Amino acid sequence: MTQSNSQEPRPGLIRRIWNWFWTPTAVLSVGFTLVVGFLAGILFWGGFHWSMEMTNTEEFCTGCHTMETNLGEYRETIHYNNHSGVRAICSDCHVPKEWNHKVKAKVMAVKDIYHELMGTIDTPEKYEDHRLKMASQTWKKMKQSDSRECRNCHNFDYMDFTIQETRAAKEHQRAIDNSMTCIDCHQGIAHNLPEGYAEEYKRVVEELSMETGSQQHKDAVAQANAIRGYLNPSVKETPGG
Amino acid sequence: MLDLLGTIAGNILGLAGILGLTLGLATRNLILAAALGGIVGLVETLGFAGFDMASVEFMDLFIAVAVGILAGALGCAIRIKGTTV
């Protein structure tokens, strides 16, 4: 007895799985498939969202050794301890709330893992060497987004200037009049400022105005410098603010 | 580079990717599916910019539309391969 030549060889494992995946089911009803698919979707999306929110906790953000320096600085600021008992943690300022911006920020944060592994800022000296560059990147993002993360909590529209200090009310009004954004004046609000921050901020804004061709950015820097001069005429640039 | 990858990931997991795929699943016409996905990408980008064209960055718009088109086409391919109707 001879074997038939027409007998096809058995497909490989991947091909068999592929064929099984696309073969219409003969044992499951449409309702069953829909209900199971719906429940699986809820479980998947819930788990995905829960995992993403886990990465927004302060414990997660500061779990790496290299985050100790900026954690210490942040704990000295009003965003950590204040009279109202409201606290802004890392993700409140550094992770956008809107979904598409949030996913983008999470993907970009992969670089933090790389630098943690490479030890880019694992000593105080290295940290100081990179402080201006890191601050500059954050300022650029905030300037580009019109300080979007600040405005999750703060908004000119919600401010009652009558109960602000006269100086603050005056400068906030000036900021509104000149289309300025929070970061134009409030650099170093949560972390120490590096040496030469004013020049670097000016460079960042000029770079952005070159990209967008906007005169508004340049005007904002001029106004911010004027406000700084008004607030502290004796010191034009103070590291560690 | 990271900025680009982040934008693509944001769109895949956002309206352009998910709604684009869903609309693609609704038709066997590849061109229509891709067009529907592209429209979702366009509307998503404009919506997030408050329908202010001045606030729309060309690269963001391009990536959103491209992801929408690909998602729509993928949805259509799944429909053709996975159903008999």
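Residues numbered from 1 in each chain as written. Chains lettered and ligands numbered in written order. Predicted model: local features only at pLDDT ≥ 70, side-chain atom pairs only at ≥ 80, totals over all residues.

Trainee: How should the overall build of chain B be read in this particular structure?
Mentor: For chain B, the helix and strand inventory stands at four helices and zero strands. Of the regular secondary structure in chain B, the N- to C-terminal order runs α-α-α-α. Computed over the C-alpha atoms, the radius of gyration of chain B is 13 Å, within 12% of the 12 Å expected from 2.2 N^0.38 for a compact globule of 85 residues. The C-alpha extent of chain B, read off along each of the three principal axes, is 45 × 25 × 15 Å. (Helix = DSSP H or I, 4+ residues; strand = E, 2+ residues; numbered from the N terminus. Rg over C-alpha atoms; globule rule 2.2 N^0.38 Å.)

Trainee: Whenever I open this one, the overall build of chain A confuses me. Can you help?
Mentor: Along chain A, the regular secondary structure elements total twelve helices and zero strands. For chain A, the sequential pattern of α-helices and β-strands runs α-α-α-α-α-α-α-α-α-α-α-α. By the burial criterion, 15% of the 241 residues in chain A qualify as buried. A separation of at least 24 residues holds for 69% of the contacts in chain A among residues at least 6 apart in sequence. (Buried ≥ 20, exposed ≤ 12 C-beta atoms within 10 Å, placed from the backbone. Contact = placed C-beta atoms within 7 Å.)

Trainee: Can you walk me through the interface of chain B and chain A in this structure?
Mentor: It is common to report an interface's size as the accessible area lost on association of the parts. Each partner contributes to the interface: chain B provides 14 residues, whereas chain A provides eleven residues. In terms of residue count, helix α1 (residues 2–12) of chain B provides more of the side of chain B that touches chain A than any other element does, eight residues in total. Among the residues forming the side of chain B that touches chain A, the class breakdown is five nonpolar, seven polar and two charged. (Nonpolar A, V, L, I, M, F, W, Y, C, P; charged D, E, K, R; others polar.)

Trainee: Got a minute to help me understand α1 of chain B in this structure?
Mentor: Since there are 3.6 residues in each turn of an α-helix, residues three or four apart along the chain are aligned in direction. Three or more residues of α1 of chain B are buried, namely G6, T7, G10 and N11 of chain B. All buried residues of α1 of chain B project into a common sector of 130° when viewed along the axis, lining one side. The inward-facing, buried residues of α1 of chain B abut α6 (99–108) of chain A together with α2 (15–25), α3 (30–48) and α4 (58–82) of chain B. (Arc of directions from axis to C-beta.)

Trainee: Can you walk me through the environment of N81 of chain A in this structure?
Mentor: Within the secondary structure layout, N81 of chain A lies in the loop between α4 (68–74) and α5 (90–94). Each C-alpha atom of the pair N81 of chain A and M108 of chain A lies 29 Å from the other, and the pair is 27 residues apart in sequence.

Trainee: Looking at this structure, how should I read the confidence of the model for chain B?
Mentor: Detailed reading of predicted coordinates is not advised where the pLDDT is low. Residue and element names in this part refer to chain B. Overall, the prediction assigns chain B a mean pLDDT of 92, with 100% of residues at 70 or greater. Within chain B, the lowest mean pLDDT, 89, falls on α1, and the highest, 95, falls on α3. This prediction of the complex comes with two scores: 0.76 for pTM and 0.76 for ipTM. (pLDDT = per-residue confidence, 0-100.)

Trainee: Teacher, can you tell me more about the nonpolar core here?
Mentor: Most often, soluble globular proteins keep nonpolar side chains buried together rather than apart. In terms of nonpolar packing, the biggest core is built from 18 residues, with A16, A33, V40, V67 and A73 of chain B touching the most fellow members. For this core, the secondary-structure elements that each account for two or more residues are α2, α3 and α4 of chain B. The next biggest cluster of nonpolar side chains, apart from the first, holds ten residues, and it includes W139, C182, L193 and Y201 of chain A. (Core = buried A, V, L, I, M, F, W, Y, C linked by C-beta atoms within 7 Å.)

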